[in-house]
Structures are given as structure tokens and as C-alpha cells.
Amino acid sequence: MSCLVEIQNLQYAYPQGRKALVDVSLHLNHGERVGLIGPNGAGKTTFLLVLAGLMNDFQGEVSVAGCDLSTAAGRRSVHRKLGVVFQNTDDQIVNANVYEDVAFGPLNLGLPEIEVRQRVNQALASVGLNEDYWQRIPFHLSSGEKRRVAIAGVVAMQPQIILMDEPTSDLDPRGRRELVQILSRLPITRIVSSHNLEFVLETCDRVLVLDEGRLRADGPVRRILADESLMLHHGLEVPGSISAEERRHAALAGPIPEPAPNHPHSHPHSSMKLTSL
Ligand SMILES: Nc1ncnc2c1ncn2[C@@H]1O[C@H](COP(=O)(O)OP(=O)(O)OP(=O)(O)O)[C@@H](O)[C@H]1O
Ligand SMILES: [Mg+2]
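Residues numbered from 1 in each chain as written. Chains lettered and ligands numbered in written order. Predicted model: local features only at pLDDT ≥ 70, side-chain atom pairs only at ≥ 80, totals over all residues.

Asker: How do you make sense of the environment of Lys19 when you look at a structure like this?
Answerer: The residue Lys19 is located in strand β2 (residues 19-28) in this model. Judged by local crowding, Lys19 falls into the partly exposed class, with 15 C-beta atoms found within 10 Å. On a C-alpha basis, the gap between Lys19 and Gly213 in space is 7.1 Å, while along the polypeptide they are 194 residues apart. (Helix = DSSP H or I, 4+ residues; strand = E, 2+ residues; numbered from the N terminus. Buried ≥ 20, exposed ≤ 12 C-beta atoms within 10 Å, placed from the backbone.)

Have a look at this one:
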């Protein structure tokens, strides 16, 4: 099966000339659950915006679900195949009540009403919002509830891939645990950026480390998050739930051969990729 996401030598510079993404190349397959980590300003949000088809002036090759994002047609059509949950969920609320908000996307697809209803019911159930919530005003909900509505809105579109930017940033520990459960029930390929590395550990299998716009590491989540020297070097910390033994193992395993940044066909599961520190 072809890759869901193919990126080769992606570069992005903001108009003022600030380089936000430098030579990023990677592949993603269907079903992968990918964490995107890195210090503030690393380029995580920019990366997600490019994948979402919201940036038109990047360089390199980016294809998502068969859409070539270097073309305007590709960026338009990717919106039917990909869902984004933005960091600020208020940006996503468009309707007066929860039910209509979740129905907005499917209705725009021109689906028959019965299918819209089915999709909305299923999406709301998948995020644990029962009928008590349906007529409520989204702006009056708590951060955690708003995030559920935003996720339901995306799920109702039945996308091939979901992008989430800092989904835990405004959640309390219970909200975070609930989000872990919601994500564990969602069988959709996803890329989730987060500073909460315990959350990444619980919800992702693969992790990408970005720093200064470059992809610094790409591999199995536990192995990368256990690598103390890599983590410290990029302004991160090994999560507390990684045991001392796992850290020792990671240290003993030593550096992994680094793929060329522009190597387009290295398979994500075949090896772990650490670029030079
Ligand atoms: N609209 C913009 N105009 C100019 N520069 C920008 C803009 N947005 C982001 N940048 C710069 O691009 C770089 C990458 O920013 P980005 O928001 O992608 O980082 P991030 O990894 O998401 O950071 P954070 O963890 O703080 O959310 C930063 O240096 C940032 O200052
Ligand atoms: Mg960001």
C-alpha cells in the first residue's frame, strides 16, 4: 500500500525570512500513531499547518492521502481527507450548539441527512458526549468539553488522518486521562504535537523530534523518549514513567546510524533514525 504521507526535503520560511522547517523528509503509513515533539519554536505547528494544506509557499514535496500539496487543487482536496484539531479549539467552533457544530462538516460535504445524523451520533459517542450535551452552546463548555466537540467534528468527517496541535495544553489531569481514552478508541492515523511527553508515551507508537526546524530523530516512542542525552540536547526531558533500566538500555544502545535527511525511501519501521546532535 502506498504511504499516507510522503514528505521530501520540506522547507518553510515565514515571510520575514525566519526558517521554520529545514529539509524534513519522512514517510507515514496508514494506522500509525505519531507524536511530534520538540522545544518551543521547533516548527511543530508550522509542520502541521503545511500537512493540513494551509501553507502554499513551502518548498519540497509533500503528499497527503494522494494529494500533492504543492498544487492549489491538492491543498483543496486534502481537506476532505484530513482533519485538524487546532490548539485553540475556539477557532473551530462555528455553530450555536454542539450537535450542529459537529454536523457542519458532513453537511458541507453534501451528504444525505440520514447519513449526517448517523455520523454525528457516532462521532459524539466516540468522544463520550451524550445527549445532555447536544443542545449546549459550545462557547459555554469547559476546555476539555470543547476539545471533545472539536475532535467529534473531525471524526464525523471520517478523515484518513487527524492532526492535533497540543491537545492537552488546557486540560487538567482528568481531562488528559479522558483524552488518552478517547484517542485509544479512535482507529485513525494521526500526528499529535505535544509538550506532554507522558501523554505522547501513552498515545503514540512513533515519535518525531523537531528542533530548529530540522527532524532530529524519528523512531519508536519509548526508545527515543528514553534517550536522555538526545532529549536534553533538544530541550526535552525523559518522562518519569520511563524506568532507570530503560534509560540505561537506551544509553548503552548508543547512537543509531543517521539516514541522509533527503533519503526519501527509508521505511519508518525498518530502523530508527537519529540525525546528528
Ligand atoms: N506567523 C509567523 N510569522 C513569522 N514567524 C513565525 C510565525 N509563526 C511561527 N513563526 C516562527 O517559526 C518558528 C516555528 O514556530 P512554530 O509555531 O511552528 O513552533 P512550535 O514548535 O509549534 O512551538 P511551540 O512549542 O511554542 O508551539 C518559530 O521560530 C516561530 O517564531
Ligand atoms: Mg506550536
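What follows continues from the structure just given.
Asker: Would you take a moment to explain the site of ligand 1 for this structure?
Answerer: The local shell around ligand 1 consists of Tyr14, Gln16, Arg18, Ala20, Gly38, Asn40, Gly41, Ala42, Gly43, Lys44, Thr45 and Thr46. Ranked by the residues each element gives to the shell around ligand 1, the list is headed by helix α1 (residues 44-51), at three residues. Here the shell around ligand 1 is built from residues that sort into three nonpolar, seven polar and two charged. (Near = placed C-beta within 6 Å. Nonpolar A, V, L, I, M, F, W, Y, C, P; charged D, E, K, R; others polar.)

Asker: Can you walk me through the nonpolar core in this structure?
Answerer: Side chains of a nonpolar character, in soluble globular proteins, are inclined to be buried together. Counting residues in each nonpolar core, the largest one holds 72 residues, and the members touching the most others are Leu51, Val64, Val102, Ala152, Leu163, Val207 and Leu225. At six residues, helix α6 (residues 143-155) tops the list of elements feeding residues into this core. Beyond its immediate sequence surroundings of up to four residues, Leu51 is in contact with Val5, Val62, Val64 and Leu163. (Core = buried A, V, L, I, M, F, W, Y, C linked by C-beta atoms within 7 Å. Contact = placed C-beta atoms within 7 Å.)

Asker: Explain the environment of Leu236 here, please?
Answerer: Within the element layout of this structure, Leu236 appears in the loop between α10 (228-233) and α11 (244-253). The exposure class assigned to Leu236 is buried, which follows from the 21 C-beta atoms found within 10 Å. With 16 residues separating them in the primary sequence, Leu236 and Pro220 have C-alpha atoms 16 Å apart. When neighbours within four sequence positions are excluded, Leu236 is seen to be in contact with Ile37, Pro39, Leu197 and Met231.

Asker: What is the right way to read helix α4 (residues 113-126) from this model?
Answerer: Note on helix geometry: an α-helix contains 3.6 residues per turn, so any two residues three or four positions apart are oriented the same way. The terminal C-alpha atoms of α4, which comprises 14 residues, lie 20 Å apart, in line with the 20 Å expected from a rise of 1.5 Å per residue. Every buried residue of α4 is listed here: Val116, Arg119, Val120, Ala123 and Leu124. Looking straight down α4, one finds that the buried residues subtend no more than 125° of arc, so they occupy a single side. In this structure, α4 carries Ile114 and Glu115 as exposed residues pointing more than 90 degrees from its buried face. In this structure, the buried residues of α4 make contact with α3 (98-108) and α6. Looking one or two places after α4, you find Gly128, whose phi comes out positive at around 75°. (Expected span 1.5 Å × (residues − 1). Arc of directions from axis to C-beta.)

Asker: I'm lost on the packing of α3 against α6 in this one. Help?
Answerer: Helix packing geometry: the angle between the two helix axes and the distance between the axes. Close contact between α3 and α6 brings their axes to 7 Å; oriented N to C, the two are set at 35°. The crossing of α3 and α6 is right-handed. Contact residues: α3 offers Val98, Asp101, Val102, Phe104 and Gly105, while α6 offers Val149, Ala152 and Gly153. (Axes fitted to C-alpha atoms, helices over the stretch in contact; angles between N-to-C directions. Left-handed = near helix turned anticlockwise from the far one by under 90°.)

Asker: In this structure, what is going on with the confidence of the model for the protein chain? I would like to understand it.
Answerer: A low pLDDT means the predicted coordinates there should not be read in detail. Taken residue by residue, the protein chain gives an average pLDDT of 89. The fraction at 70 or more is 91%. Of all secondary-structure elements in the protein chain, the lowest mean pLDDT belongs to strand β11 (residues 273-274), at 59, while strand β3 (residues 33-37) reaches the highest, 98. Contacts from residues 264-271, a stretch scored under 50 in pLDDT, to residues over four places away or in other chains number twelve contacts. (pLDDT = per-residue confidence, 0-100.)

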